[in-house]
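# Coordinates in review
If you want the building blocks of each chain, they are given just below.
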Amino acid sequence: MKPPLKRVLAVDDDPDILAVVALALRTLGGLDVITAASGAEALGLLGRETVDLVLLDVMMPGIDGLETLAAMQGNPALRHIPVVLMTARVKLYEQGAEQPAGVLAIIPKPFDPVTLPRRLQTLWEGHAK
Amino acid sequence: MQNSAAEFLEAYRALRLTWLARLHADVNMLGQLVETLKSPADHSTKLEEIAHIAHRLVGNGQAFEAPDVSVLAREIEAVIRTAKPAISKRAHPSAAALSRLVETMAAAAAAAQHPVANRAEPVLPASASGPERRSLFVVDDDPVVAGEIALQLCHFGYRVRTFSDRRGFAAALALDPPALVVMDLVFPGTSVDGMKNLMESLPSGEVPPPVLFVSNRNDFEARLQAVRAGAAGYFTKPINLSALVDSIEALTNPDLATPLRVLIVDDDAPLAEAYGIALRAAGMTTAVVTDSRAVLAALLELRPDVVLLDLYLLGCTGEEVARVIRSDNANVGIPILFLSAEYDRDKQIDVMKSGADDFLIKPIAPEQLAREFLARAPRIRALQGHLSSDGLTGLLNHVAGRAGLERELARARRDHTPITVAMLDLDGFKGVNDRHGHPVGDRVLRSLAWLLRKRLRQSDVVGRYGGEEFLVILPNTPMHDAETVVDGLRRAFAEVRHASPKGDFVCTFSAGLASFPDFQTGGRLLDSADRALYDAKASGRNCIRKAQAQG
């Protein structure tokens, strides 16, 4: 059995979403959360912090979510970290389309922040198997 | 983490207030930007700015409990995406449409200042990717029986391996443990206890997979044996496959199972909201009603599996509300849990007479409440299943199917959406029973039930209406689309080969379709679909016919 999910990096350029996501993960999920407001900041953080999972918004200015993901995949030190994408453009990935490598799941936006901690925990447990 | 819901709620409120202020500014900004579209200019950067703000509001409108804002923002995005290229010498062609949307959003933003107490969260799948094929072991000393069970489980997308001897099973269990084991209670070469030891001797302290026992025996001793061996379920042969699959689904994928829907009735709004958050965080769907007069509407909307009712409410007592709920026959089966500071057993018994099912003592921490519900959930689910499902197929029974139709009709009238009802009837089913015997006939009924459940949407209502007649309700589906769907089912079912000692055979069905609003009441829809079904039968069977609206 893999240890439970403990530490998460949440990445979103929208400060309101980021705040409520971090709040839900901390209080309801009992998780340790670090946040980044951009792909560049996320990659910087990942260089010096250890996290179990990255929760990543797709649509961001600058280095967007998919580019951040690609950079993680290209870095042997980060490749193993599972990524959960958040996007309003779920249609892109529905039915048949391959999920990008390293992606555990795609959570369609908008979503209910209250249910997010449990979903991440479930995905994490499924990933452990 | 005892008070995590309360802690969340407090901080969330503060965040929401800040967001509301920003929303106000955003809507003003949108108004100004849209205003500039009305005069001739190069509009492209303005449109981009509008799209950017709208995109942000789609996400956080939902996160901050202003779903209307989210929906309107999405509409604005859609308008801009499909907007014709602007001609800078004129007003932008979409200016008027955008202006209306922003006005509506301003109203929605104002309404969001007062949080809505009563709402049901939309339930999204845990992942956008499909459920992965889960691996099952089927263990039976008779390889033919094991193979038969395995074959049928394969239809549901499981990856199944069969075992008829202990050694192979033990080896595979250690090497690549499955998500679940289906096992004959009497297994040669080992006792039930031996099996239990085997399961518990997994390497590296892994949690053993749940075991469902199947057996020819239905006596207390056999069932006790299974319970002592840690059975997660017990099925007598011949196995009711839809019930078995239900158990497998519930055990291997609790998150994909429909979440428990809870209606919370409490006039203490902050408390009720904290309860709601704790239950949702634990994976349930909730609606909160703080005004008891809204209970009936909420019952119709949420279709709760269970109602949590405070004993003392403003205006009327919880007992009275319980009686009102129970006074509608459709609600007789919904469990009602009372929340009360009442320790007095006599008083509690009085309240039980009004139709309460259980008591929870206040004060109770929201997280504790969530645990109480989770503990009761399987029982609530099982009871509800028995009340509303058809024993042979696991589909809704006649009464529940009719109730489902009325519910969907109420929703369709309110939302102005179409519904199509299909009546399906197996062709020449009597002949199948006569020639192949009733067990084979039952299997045909079940295979159609599986096909319907598998191929239709979660939101579609599927019931067994009578002997070999099935009722399918397709909400939000006009006749034309329904025809395509049902015809697809018809063709798929006609391909299924049914096994029989007297030789494999195929079976077809005919269907009659009728749509709302062509037919306005449940009774008319069913009658018309039935008449169309009769037409289909008269036209040679294995086909579908539509009921035409009169006049």
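Residues numbered from 1 in each chain as written. Chains lettered and ligands numbered in written order. Predicted model: local features only at pLDDT ≥ 70, side-chain atom pairs only at ≥ 80, totals over all residues. Heavy atoms only, no water.

## Comments concerning the overall build of chain B
Inclusion rule: Where helices and strands are cited, they refer to DSSP runs of H or I of at least four residues and of E of at least two residues respectively, numbered from the N terminus. Type-normalised accessible area, obtained with a 1.4 Å probe on protein chains alone, sets the label of each residue: buried when under 20%, exposed when over 50%, and partly exposed for intermediate values. Throughout, a contact is declared for two residues whenever any of their heavy atoms are within 4.5 Å. Note on areas: Shrake-Rupley with a 1.4 Å probe; residue coverage comes only from the protein chains shown.
Helices and strands together make up the secondary structure of chain B, namely 19 helices and 17 strands. Classification of the 551 residues of chain B by burial places 47% in the buried group. Put simply, of all contacts in chain B between residues at least 6 apart along the chain, 68% involve residues at least 24 apart. In the structure as shown, chain B presents an accessible area of about 26,500 Å², 54% of it carried by carbon and sulfur atoms.

## A look at helix α2 (residues 44-63) of chain B
What counts, and what does not: In a helix, the anticipated span is given by 1.5 Å times the number of residues less one. Values of bend correspond, residue by residue, to the angle between axes fitted over the seven residues ending at that residue and the seven starting there.
Taking 1.5 Å as the rise per residue, α2(B) with 20 residues should run 28 Å; its terminal C-alpha atoms sit 29 Å apart, in good agreement. Where α2(B) bends most, at Leu57(B), the angle is about 25 degrees. Here α2(B) has its buried residues at Leu47(B), Ile50(B), Ile53(B), Ala54(B), Leu57(B), Val58(B), Gly59(B), Asn60(B), Gly61(B), Gln62(B) and Ala63(B). Considering only its buried residues, α2(B) is in contact with α1 (15-27) of chain A together with α1 (4-37), α3 (67-81) and α4 (95-111) of chain B.

## What to know about the sheet that holds strand β4 (residues 83-87) of chain A
Sheets are built from strands paired through backbone hydrogen bonds, the pairs being either parallel or antiparallel. All names here are of chain A. We apply this condition: Note on pairing: two strands pair once DSSP finds at least 2 bridges between them. Lines fitted to C-alpha atoms define the axes here, with helix axes fitted over just the stretch in contact, and angles between the N-to-C directions of these axes take values from 0 to 180 degrees.
Here five strands make up an open sheet; going across it, the order is β2-β1-β3-β4-β5 and the pairing parallel. What marks the edges here is a single partner per strand, and that holds for β2 (32-36) and β5 (103-108). For this sheet, the mean angle separating the axes of adjacent strands, direction not counted, is 20 degrees. Where strand β3 (residues 53-57) meets β4, four bridges bridge the pair, whose relative direction is parallel. From the neighbouring strand, Val 54 faces β4, where its bridge partner is Val 83.

## Digging into the packing of aromatic side chains
Residue and element names in this part refer to chain B. To keep it simple, the criterion reads: Note on aromatic contacts: the rings of Phe and Tyr and the six-membered ring of Trp form a pair at centre separations within 6.5 Å, being stacked when their planes are under 30 degrees apart, edge-to-face when over 60 apart, and tilted otherwise.
Going through the model one piece at a time under the given rule, you end up with eight aromatic pairs over all chains. An angle of 10 degrees between the planes, with centres 6.0 Å apart, marks the rings of Tyr 12 and Phe 64 as stacked. Residue Tyr 12 is found in helix α1, and its partner Phe 64 is found in the loop between α2 and α3; the two are separated by 52 residues along the sequence. For Phe 64, a relative accessible area of 0% corresponds to the buried category. Cluster of aromatic residues (ring-pair linked, three or more members): Phe 8, Tyr 12, Trp 19 and Phe 64.

## A look at the pairing of strand β6 (residues 261-265) of chain B
All names here are of chain B. A large share of β6 lies buried, amounting to five of its five residues. The two faces of β6 match: Arg 261, Leu 263 and Val 265 on one face and Val 262 and Ile 264 on the other face are all buried. Pairing analysis gives five bridges linking β6 to strand β7 (residues 285-289), with the strands arranged parallel. Residue Val 265 lies in a different strand from β7, and its bridge partner there is Val 289.

## Observations regarding the environment of Trp124(A)
Within the secondary structure, Trp124(A) is located in helix α4 (residues 116-128). Linking Trp124(A) and Leu5(A), residues 119 residues apart in sequence, is a C-alpha distance of 6.5 Å.

## Here's the deal with α1(A)
Residues and elements named next belong to chain A. With 13 residues, α1 should reach 18 Å at 1.5 Å per residue; the first-to-last C-alpha distance of 18 Å fits that figure. Most of α1 sits out of view: 10 of its 13 residues are buried. Those residues of α1 that fall on the buried side of the exposure criterion are Asp 16, Ile 17, Leu 18, Val 20, Val 21, Ala 22, Leu 23, Ala 24, Leu 25 and Thr 27.

## Topic: the sheet that holds strand β4 (residues 211-215) of chain B
Residues and elements named next belong to chain B. The strand order across the open sheet built from five strands is β2-β1-β3-β4-β5, with neighbouring strands paired in parallel fashion. Each end of this open sheet is capped by a strand with a single partner; those strands are β2 (159-163) and β5 (233-236). Taking the axes of each pair of neighbouring strands and ignoring which way they run, one obtains an average angle of 20 degrees across the sheet. The pairing of strand β3 (residues 180-184) with β4 spans four bridges and is parallel. If you follow Asp 184 over to β4, its bridge partner there is Val 214.

## Some thoughts on the side chain of Ser340(B)
Assignment of secondary structure puts Ser340(B) in strand β9 (residues 336-340). Every residue in contact with Ser340(B), bar those within four places of it in the chain, is listed here: Leu311(B), Phe359(B), Leu360(B), Ile361(B) and Lys362(B).

## Quick notes on the packing of α1(B) against α4(B)
Residue and element names in this part refer to chain B. Put simply, the test is: Orientation labels follow simple angle bins: below 35 degrees gives roughly parallel, above 145 gives roughly antiparallel, 65 to 115 gives roughly perpendicular, and whatever is left gives oblique. Crossing handedness is defined as follows: a turn of the near helix away from the far one that is anticlockwise and smaller than a right angle gives a left-handed crossing, while the clockwise case is right-handed. Residues were grouped as follows: Ala, Val, Leu, Ile, Met, Phe, Trp, Tyr, Cys and Pro as nonpolar; Asp, Glu, Lys and Arg as charged; and all remaining residues, including Gly, as polar.
Axis separation between α1 and α4 bottoms out at 9 Å; the angle between their running directions is 165 degrees. Here α4 runs roughly antiparallel to α1, going by the angle between their axes. Remark: the crossing between α1 and α4 carries left-handed chirality. Contacts between α1 and α4 involve Leu 23, Val 27, Leu 30, Gly 31, Val 34 and Leu 37 from the first element and Ala 95, Leu 98, Ser 99, Val 102, Met 105, Ala 106 and Ala 109 from the second. The class makeup of the residues in the contact of α1 with α4 is 11 nonpolar, two polar and no charged.

## Quick look at the nonpolar core
It is characteristic of soluble globular proteins that their nonpolar side chains tend to be buried jointly. Test applied: Residues grouped as a nonpolar core are buried Ala, Val, Leu, Ile, Met, Phe, Trp, Tyr and Cys residues, joined through side-chain atoms within 4.5 Å.
Leu120(A) and Phe373(B) are the most contacted members of the largest nonpolar core, which totals 86 residues. A per-element tally of this core places α1(B) first, with 12 residues.

## Things to note about the side chain of Ser94(B)
In this fold, Ser94(B) is placed in the loop between α3 and α4. Other than its neighbours up to four places away in sequence, Ser94(B) contacts Val79(B) and Ala83(B).

## Re the pattern of salt bridges
Here the idea is simple: oppositely charged side chains can pair when their charged atoms come close. To keep things clear, this is the line we draw: Any carboxyl oxygen of Asp or Glu that lies within 4 Å of a side-chain nitrogen of Lys or Arg is treated as forming a salt bridge with it.
Under the criterion given, the structure shown has 26 salt bridges over all chains. Note that Arg411(B) and Glu408(B) form a salt bridge whose closest N and O atoms lie 3.6 Å from each other. Here Glu408(B) and Arg411(B) lie together in helix α15 (residues 398-415), a separation of three residues that amounts to about one turn. Classification of Arg411(B) as partly exposed rests on a relative accessible area of 25%. Arg490(B) serves as the salt-bridge partner of Asp487(B), at 2.8 Å between the closest nitrogen and oxygen. Taken together, the positions of Asp487(B) and Arg490(B), both in helix α18 (residues 479-495) and three residues apart, correspond to about one turn of that helix. Arg490(B) carries the same exposure label as Asp487(B), and that label is buried. Put simply, Arg7(A), Asp32(A) and Glu49(A) are held in one network by salt bridges that share partners.

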